Amino acid sequence: MPRPDARTVAVLAALGALAPLVMLVIWRRQDLLGVALALLCVLLIMVAGVAVSAARQGDAPEPVDRSAAVGPPELMPYGIDADTLDALDSRDALRAVRDRRRGTNGLSGGR
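Residues numbered from 1 in each chain as written. Predicted model: local features only at pLDDT ≥ 70, side-chain atom pairs only at ≥ 80, totals over all residues. Heavy atoms only, no water.

**A short note on the overall build of the protein**
- Tallying secondary structure elements over the protein gives 5 helices and 0 strands in all.
- Its helices and strands taken in sequence order, the protein reads α-α-α-α-α from the N to the C terminus.
- Of all 111 residues assigned to the protein, the portion counted as buried reaches 13%.
- Long-range pairs, those at least 24 residues apart, make up 46% of the contacts in the protein with a sequence separation of at least 6.
- For the protein, the exposed area adds up to about 9400 Å²; of that, 61% sits on carbon and sulfur atoms. (Helix = DSSP H or I, 4+ residues; strand = E, 2+ residues; numbered from the N terminus. Buried < 20%, exposed > 50% of the residue type's maximum accessible area, 1.4 Å probe, protein only. Contact = heavy atoms within 4.5 Å. Areas by Shrake-Rupley, 256 points an atom, 1.4 Å probe, with all protein chains shown as cover.)

This is the structure in structure tokens:
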């Protein structure tokens, strides 16, 4: 049996939420049954909202994956990507990363 699409789920959930809402308005119950009907109504409205959101996402084109467009890591300088460069805001921090990649650990001379 095929799964219903998001629009069908949204319509069914909205119609399903309408029934408890009408029952709440007509009966005006203020006991456990009224609370249960209100919770059922809220649950079905949430399902309808999520289904509408899923239907909208299904209509939108998928974003292009740009990770392959950047290039292989061996061509990047010192193996640092753009996010790391954005995080490094000073030349000293960049120099420390460069030295660590070279294996000097920022030490001049030896121990």
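**A look at unusual backbone geometry**
- For Arg 28, which is not glycine, the phi torsion reads 50 degrees and is therefore positive.
- Position of Arg 28 relative to the elements: it lies in the loop between helix 1 (6-27) and helix 2 (32-59).

**Some thoughts on the packing of helix 1 against helix 2**
- Helix 2 packs onto helix 1 with a crossing angle of 160 degrees between their chain directions and a minimal axis gap of 8 Å. Taken together, helix 1 and helix 2 sit at an angle that is classed as roughly antiparallel. Note that helix 1 runs across helix 2; the crossing there is left-handed.
- Residues of the contact of helix 1 with helix 2, tallied by class, amount to 24 nonpolar, 2 polar and 2 charged. (Axes fitted to C-alpha atoms, helices over the stretch in contact; angles between N-to-C directions. Parallel < 35°, antiparallel > 145°, perpendicular 65-115°, else oblique. Left-handed = near helix turned anticlockwise from the far one by under 90°. Nonpolar A, V, L, I, M, F, W, Y, C, P; charged D, E, K, R; others polar.)

**Some remarks on helix 1**
- Look at helix 1: 32 Å from first C-alpha to last across 22 residues, which is about the 32 Å you get at 1.5 Å a residue.
- Residues of helix 1 that are buried: Ala 10, Ala 13, Ala 17, Pro 20 and Leu 24. What you see down the axis of helix 1 is that its buried residues fit within an arc of 105 degrees, all on one side. What points out from helix 1, more than 90 degrees from its buried face, is the exposed set Leu 12, Leu 15, Val 25 and Ile 26.
- Within two residues after helix 1, Arg 28 carries a phi angle of roughly 50 degrees, on the positive side. (Expected span 1.5 Å × (residues − 1). Arc of directions from axis to C-beta.)

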